[in-house]
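Listed below, chain by chain, are the residues.
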Amino acid sequence: MAAPRHRRTALERVEKFLSDIYFTDCNLRGRWETCWFKVELSIPLAWAGREVHFVWESDGEGMVWRDAQPVQGLTKEGEKTSYILTSSLKESEPHSLTLYVELACNGLFGAGKGSMIAPPDPDRRVTLNKAELVVFNRDVYELLVDMEILLDMARLLGEENQRSFQALYTANQMVNVCDVTDPSTFPAARDLAAAIFSQKNGESQHTIHAMGHCHIDSAWLWPYEETIRKCARSWVTVIRLMERNPELTFACSQAQQFEWVRSWYPGLYAQIQDFVAKGQFIPVGGTWVEMDGNLPSGESMVRQFLQGQQFFQEQFGRICSEFWLPDTFGYSAQLPQLMRGCGIQRFLTQKLSWNLVNTFPHHTFFWEGIDGSRVLTHFPPGDSYGMHGLVEEVLKTVKNNKDKGYVNHSAFLFGFGDGGGGPTQKMLDRMKRMSDTDGLPRVQISTPDQLFSVLEKESSQLCTWVGELFLELHNGTYTTQAQIKKGNRECERILHDVEVLSALAMARDSVFQYPASQLQRLWRLLLLNQFHDVLPGSCIQLVVEDALQYYTEIRRIGAGLQEEAVQSLCRDLLQPKEGSTESTLVLNTLPWERTEVISRPGPDGTETLALVTVPSMGYALVREPLLPSQPVSVRKQEDGSITMENGVITVCLDMMGHLTSLRLLDSERESVPDGCYANQFALFDDVPLYWDAWDVMDYHLETRKPVTTLLKPLEVTLAGGLRGSVRFSLQVGKSSTLTQEIILDATCPYLRFLTQVEWKEAHKFLKVEFPVQVRSTNATYEIQFGHVQRPTHWNTSWDWARFEVWAHKWMDLSEHGFGVALLNDCKYGASAHRNVLSLSLLRAPKSPDATADIGHHQFTYAVMPHQGSFQEAGVIQRAYSLNFPLHAVPASSAQCPAWSAFSVSSPAIVLETVKQAGAGAEAEGRPEAVVVRLYEAYGSTVTAWLQTSLPVKKAML
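Residues numbered from 1 in each chain as written. Predicted model: local features only at pLDDT ≥ 70, side-chain atom pairs only at ≥ 80, totals over all residues. Heavy atoms only, no water.

**Quick look at the overall build of the chain**
Under the convention used in this document: Here a strand is any run of E in DSSP of at least two residues, a helix any run of H or I of at least four, and the numbering for each starts at the N terminus. We take the radius of gyration over the C-alpha atoms and set the globule estimate at 2.2 Å times the residue count to the 0.38 power. In this scheme, a residue with accessible area under 20% of its type's maximum is buried, one over 50% is exposed, and one in between is partly exposed, where area comes from a 1.4 Å probe on protein chains only. Each accessible area value is a Shrake-Rupley result obtained with a 1.4 Å probe; residue values ignore everything except the protein chains displayed when judging cover.
Along the chain, the regular secondary structure elements total 20 helices and 47 strands. Its C-alpha radius of gyration of 31 Å places the chain within 12% of the 30 Å reference for a compact globule of 957 residues. For the chain, the C-alpha atoms occupy an extent of roughly 100 × 65 × 60 Å along the three principal directions. Within the chain, the fraction of its 957 residues that count as buried is 60%. For the chain, the accessible area works out to roughly 37,500 Å², and carbon and sulfur atoms hold 50% of it.

And the structure:
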């Protein structure tokens, strides 16, 4: 491996190798609750006419409650340490009152031990440093803000700028005028500052659209339960600010968080509704949560928008016109089409400013998806969603803007974020002084709609970015916390199947009740777990436990709903008939006919194999299974290697489980290059620079170690017929073991690898590699409702920055006439460099979850050689089939023809979803209405027919 390509990563890597703080497990150095305080206050009568604050300073987040309602969030890190009791104490106001303070044992960024992203400290103690009743001197405060702005102008505008000297000399004169022992001198000093701030800008000055903001991770370094409290603390503080600053606007995303506050803090929620109606508290985003932008399926992303937009419409009488996803680890090329389909034509993020290698070339541009859909996209040029209203930040916003000359407006999101907190009064007061001050950009409190409306008017010369917005960082999140990834994929499949079977049952049985409310609840659990620190695995152990519990609930309830739907759909076939022998009902939830080997219960209770053919999106009753035209043969050679053949492919495996030959019988084309091993496991050192669960660095490729320790050599476990299989075991690293069963089914064009790993490593990365005899400069990867191509070479920094990428169910490397695809049932991390396809299997980070991925794992991948293109060869369909197994149910032996509900005339069209129409259709008196969602999967223009046996009365596009 060549020397590291990136100087910064190499330097920092060596520093961390010597560190006594970071990664000490592998370098040279070696439940969430709150407590309550009752606070009784007595304000001295002598403070009449004064502004009185209750001051509370602690290293834990707090909430002030008054009259059984939350009234103020408290967080030292978020610069909120006081609750204003009165702005001018009147005799009629109560001088004695009782408050309650709810104190959490975490700060704004959790409770990490030693560093922010370290696992939470179970022995953490929170200190209350100050609890006081004080008089607040507003005049001194205002003078301090004046001086701060002038000093920053003097420092930051530079010696070549006249305004720098004007600000400096004004501040100097203010010091001369101001006598700190004589408050009567303060107004004269403030007048000097006001003279500077009142000198206006020219018409061409850049305009900054400032919006209050408070990014709250729905779970991260704290569990879901704590996020509910974070929302309440942050949002009640925003409400207090709005009461005192009617110009303040606040952009707030994530329908799930609104729903939490609605359920747990109804009084606060009513106040939020009032300010939404006033146009100050502004729902944005249109999704259930700020989800991961890469890993959720296409249907999951549709549901994120549908559930979010439906919630905002029901609660606030409007849908969102902008997609708001500022902190997600990359953005799928399918998102523009999904946005447009959900009523959104505007997009805001800033995360690509985190790129480790290449600087993204735009801040305002059109983003074009795989189908040509375009959305106006804006990255705040300050490269942050948590500004503080500082001079330095507004100057950076202008200087850093990469689209100068094209647009003259930009966003400025101010407020503490990630752990909540939100805007402060000081931020607002700073920006008031910069609203129209010569030498500084014009700063106006604005709204997302006002910003995008003016950008749309200025958009005629904007550039267009085509394809994915790939974040050159955090690509370890495609693999971290494998059980969460597996739970996501499985639950997406479960909900798909329940919806298909329930919709068909509803269409054929007027008595059957479609489980709409139960499905909505399960979908919302799944969507919550797709939050951008949960599905990526960058969260603490408590969050992982919550997420896995939600997946368990979806599996359990989903299984029950599926059984009810099958019972309704196939009731007559499932009833035992007198004197009948048992047969098997096989259901197919995919929109094409399938011929596959299944396992079904035999008469003595043991599992037996059967080759069955089932029509598209329907069922067949199987009594006598089919006989394959060519059974699977399994032969052991003298050298211990084993060959398997099924009439479609022939494979040869050595004693280590390596695939030494993989040939298509029709073409006699060999897939594995001479002298190479496919199905080669490799272990890499995996020590990033800081973001442990998030990052895998390019230099990990220099540490590759093939897995070579054999525990149990290859042996035959099924000798052929309908299925042949072999098994072997390896030791991986120092402490882990891997057992794999390699399976070849009759008529199947791919070889399956059922893999079980006992994983006990630390800071290691396990992959499996398939060198193939294919030459192509691009590999193809499945994404939501389509696919993208990425280079297999590292010609440029943009190419090699994608050394680790993501895919869904398949990836493919093809040249003209031939290719090889890798399929999987729960993995997302992948790469293709030159002719080697690699699937990322397991990582072992230690922060923020010290137990991440330790334990038992089971997963399946498959390799599929093919003639022609991946489209012609049916790679897409085969990957679906691997992920959506046929359902076998014991049935009576009654005669029954095979039944198909839907089929599509073109293999390029995938019927992805069949479900009951949403609440709108039911409200219109059409509860039997069904939605069918199809997409074109090949990347082509095609005319197709959707055929159905259901009694259709009306069809609408």
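Now that the structure has been shown, we can carry on.
**Section: unusual backbone geometry**
Residue Pro 848 follows Ser 847 across a cis peptide bond; omega there is 5°. When you line up the elements, Pro 848 lands in the loop between strand E40 (836-842) and strand E41 (855-867). Phi is positive for Phe 785, which is not a glycine, with a value near 55°. Its location among the elements puts Phe 785 in the loop between strand E34 (778-783) and strand E35 (786-791). Note on Phe 785: relative accessible area 12%, which makes it buried.

**A look at empty space enclosed by the protein**
To keep things clear, this is the line we draw: Method remark: on a 1 Å grid restricted to protein atoms, a set of points is classed as a cavity if a 1.4 Å probe fits but cannot get out and as a pocket if it is open with protein on both sides within 12 Å along at least five of seven lines; lining residues have an atom within 4 Å of a point. Grid points are joined across faces, edges and corners, and a volume is the space filled by probe spheres set on the points. Residue polarity is assigned by list, with Asp, Glu, Lys and Arg as charged and Ala, Val, Leu, Ile, Met, Phe, Trp, Tyr, Cys and Pro as nonpolar; anything else, Gly included, falls into the polar class.
Roughly 100 Å³ of volume is contained in the largest cavity. What lines the largest cavity is a set of 15 residues, among which Leu 356, Val 357, Glu 472, Met 697 and Phe 803 lie closest to the centre. The residue inventory of the lining of the largest cavity, partitioned by class, reads eight nonpolar, four polar and three charged. What lines the second largest cavity is Tyr 781, Arg 790, Pro 791, His 793, Trp 794, Asp 799, Arg 802, Phe 803, Val 805, Ser 831, Ala 832 and His 833. Secondary-structure elements contributing two or more residues to the lining of the second largest cavity are E35 and strand E39 (829-833). Classifying every residue of the lining of the second largest cavity gives six nonpolar, three polar and three charged.

**Focus on the packing of helix H14 (residues 516-529) against helix H15 (residues 541-569)**
What counts, and what does not: What counts as an axis is a line fitted to C-alpha atoms, over the stretch in contact for a helix, and the angles between N-to-C directions run from 0 to 180 degrees. An angle below 35 degrees is treated as roughly parallel, one above 145 as roughly antiparallel, one from 65 to 115 as roughly perpendicular, and anything else as oblique. Each crossing is labelled by how the near helix is turned from the far one, with a counterclockwise turn of less than a right angle marking it left-handed and a clockwise turn marking it right-handed. In this description, contact between two residues means that some pair of their heavy atoms is separated by no more than 4.5 Å.
Between H14 and H15, the shortest axis-to-axis distance is 10 Å and the interhelical angle comes to 155°. In terms of orientation, H14 lies roughly antiparallel with respect to H15. Judged by the sense of rotation from one axis to the other, the crossing of H14 with H15 is left-handed. Residues Gln 518, Leu 519, Arg 521, Leu 522, Leu 525, Leu 526, Leu 528 and Asn 529 of H14 form the contact with H15, whose participating residues are Ala 547, Tyr 550, Tyr 551, Glu 553, Ile 554, Ile 557, Gly 558 and Leu 561. Taken together, the residues that form the contact of H14 with H15 break down as eleven nonpolar, three polar and two charged.

**Description of the packing of helix H2 (residues 138-156) against helix H4 (residues 186-197)**
One can describe the packing of H2 onto H4 by two numbers: an axis separation of 10 Å at closest approach and a directional angle of 40°. Along this stretch, H2 crosses H4, giving a crossing that reads as left-handed. From H2, Asp 139, Val 140, Glu 142, Leu 143, Asp 146, Ile 149 and Leu 150 reach across to H4, where they touch Phe 186, Ala 189, Arg 190, Ala 193, Ile 196 and Phe 197. Looking at the contact of H2 with H4, its residues break down into nine nonpolar, no polar and four charged.

**Concerning the pairing of E35**
What counts is decided by this rule: DSSP-based pairing: two strands are paired if at least 2 bridges between them are found.
Judged from the six bridges that link them, E34 and E35 form a sheet pairing that is antiparallel. Within E35, the position partnered with Asn 778 by the bridge is Pro 791.

**Considerations on the packing of aromatic side chains**
The condition that has to hold: We call Phe, Tyr and Trp rings a pair once their centres come within 6.5 Å, taking the six-membered ring for Trp, and we label the pair stacked below 30 degrees between planes, edge-to-face above 60, and tilted otherwise. Working rule: Lys NZ or Arg CZ, within 6 Å of ring centre, within 35 degrees of ring normal, means a charge sits over the ring.
The tally for this structure, following the rule as stated, stands at 40 aromatic pairs. Taken together, a centroid distance of 5.6 Å and an interplanar angle of 90° make the contact between Phe 258 and Phe 312 edge-to-face. Residue Phe 258 is located in helix H6 (residues 255-264), and its partner Phe 312 is located in helix H8 (residues 298-316); the two are separated by 54 residues in the primary sequence. Residues Phe 258 and Phe 312 agree in their burial class; the two are buried. Judged by centre distance (4.9 Å) and plane angle (85°), the ring pair of Tyr 690 and Trp 691 falls under edge-to-face. Linked through ring pairs, Trp 235, Phe 250, Phe 258, Tyr 269, Phe 281, Trp 288, Phe 311, Phe 312 and Phe 316 together constitute an aromatic cluster. The ring of Phe 275 carries Lys 278 above its face, with NZ or CZ at 4.4 Å from the centroid.

**As for the sheet that holds strand E7 (residues 128-136)**
The sheet built from three strands is open, its strands ordered E5-E2-E7 with antiparallel pairing. In the strand order of this sheet, the two ends are held by strand E5 (82-86) and E7, each with one partner. Sheet twist, expressed as the mean angle between neighbouring strand axes with direction ignored, is 15°. Across eight bridges, the pairing between strand E2 (residues 51-58) and E7 is antiparallel. Residue His 53 lies in a different strand from E7, and its bridge partner there is Val 134.

**Comments concerning the nonpolar core**
Rules: We call a set of buried residues a nonpolar core when its members are Ala, Val, Leu, Ile, Met, Phe, Trp, Tyr or Cys and they connect through side-chain atoms within 4.5 Å of each other.
Grouped together as the largest cluster of nonpolar side chains are 245 residues, with contacts concentrated most on Phe 281, Leu 659 and Phe 770. The leading source of residues in this core is helix H13 (residues 482-508), at twelve residues. In contact with Phe 770, not counting residues within four places along its chain, are Leu 659, Ala 678, Asn 679, Phe 753, Leu 822, Asn 835, Val 836, Leu 837, Tyr 861 and Val 863.

**Details of a positive patch on the surface**
Counted only if it meets this: Patches were defined on residues exceeding 30% relative accessible area and lacking a salt bridge, with like-charge contacts within 9 Å and nonpolar side-chain contacts (Val, Leu, Ile, Met, Phe, Trp, Tyr) within 5 Å. The rule for a salt bridge is simple: a side-chain nitrogen of Lys or Arg has to be within 4 Å of a carboxyl oxygen of Asp or Glu. We score Asp and Glu as negative and Lys and Arg as positive, and we do not count His or the chain ends. The location of each charge is read from NZ of Lys, CZ of Arg, CG of Asp or CD of Glu.
There is a patch of like positive charges on the surface, built from Lys 396, Lys 399, Lys 402 and Lys 404. Take Lys 404: it is sitting in the loop between helix H10 (391-399) and strand E15 (409-414). On the basis of relative accessible area, Lys 404 is assigned to the partly exposed category, the value being 48%.

**Topic: the side chain of Asp 654**
With respect to the element layout, Asp 654 can be found in the loop between strand E24 (649-653) and strand E25 (659-664). Apart from the residues lying within four places of it in its own chain, the contact partners of Asp 654 are Ser 641, Thr 660, Tyr 677 and Leu 714.

**A look at the environment of Thr 86**
For clarity, the cut-off: Pairs of N or O atoms within 3.5 Å make up the polar contacts considered here, provided that, within protein, one atom can donate a hydrogen while the other can accept it, and that residues adjacent in sequence are counted only when both atoms are side-chain atoms.
By secondary structure assignment, the location of Thr 86 is in strand E5. Here Thr 86 falls in the buried class, since its relative accessible area comes to 6%. For the pair formed by Thr 86 and Phe 54, sequence separation is 32 residues and the distance between their alpha carbons is 9.8 Å. Excluding its chain neighbours within four sequence positions, the residues that come into contact with Thr 86 are Arg 50, Glu 51, Val 52 and Glu 93. At a separation of 3.2 Å, a polar atom in the side chain of Thr 86 contacts the main-chain amide nitrogen of Ser 88.

**Topic: the pattern of salt bridges**
Going through the model one piece at a time under the given rule, you end up with 42 salt bridges. One salt bridge connects Glu 148 with Arg 430, and the closest N-O pair in it is separated by 2.7 Å. With Glu 148 in helix H2 and Arg 430 in helix H11 (residues 425-433), the pair connects residues that are 282 residues apart, well separated along the chain. Note that Asp 438 is salt-bridged to Arg 163, the shortest N-O span being 3.9 Å. Of this pair, Asp 438 sits in the loop between H11 and strand E16 (442-445) while Arg 163 sits in helix H3 (residues 162-177), and the two are 275 residues apart along the sequence. What makes Asp 438 partly exposed here is its relative accessible area of 30%. Here the salt bridges do not stand alone but share partners, grouping Glu 61, Glu 225, Glu 226, Arg 229, Lys 230 and Arg 233 into one network.

**Remarks on the sheet that holds strand E13 (residues 364-368)**
Across the sheet, five strands lie side by side as E11-E12-E14-E13-E17; this open sheet has mixed pairing. One side of each edge strand has no neighbouring strand; the edge strands of this open sheet are strand E11 (322-324) and strand E17 (464-466). Each strand axis lies, on average, 30° off the axis of its neighbour in the sheet, ignoring direction. When E13 meets E17, the two strands line up parallel, connected through three bridges. Note that in E17 the partner of Trp 367 across the bridge is Trp 465.

**Some points on the pairing of strand E20 (residues 607-614)**
Within a regular strand, side chains alternate between the sheet's two faces. For strand E19 (residues 594-601) and E20, the ladder comprises eight bridges, and the chain directions are antiparallel. Its bridge partner lying in E20, Pro 601 is registered against Glu 607. From the end of E19 to the start of E20, which pair antiparallel, there are five residues, and Gly 605 there has a positive phi angle of about 90°.

**Side note on the environment of Arg 843**
Note on placement: Arg 843 falls in the loop between E40 and E41. On the basis of relative accessibility, which here comes to 0%, the residue Arg 843 falls in the buried class. The spatial distance from the C-alpha of Arg 843 to the C-alpha of Phe 412 is 37 Å, given a sequence separation of 431 residues. At 2.7 Å, the side chain of Arg 843 and the side chain of Asp 686 are in polar contact. At a separation of 2.8 Å, a polar atom in the side chain of Arg 843 contacts the main-chain carbonyl oxygen of Asp 695.

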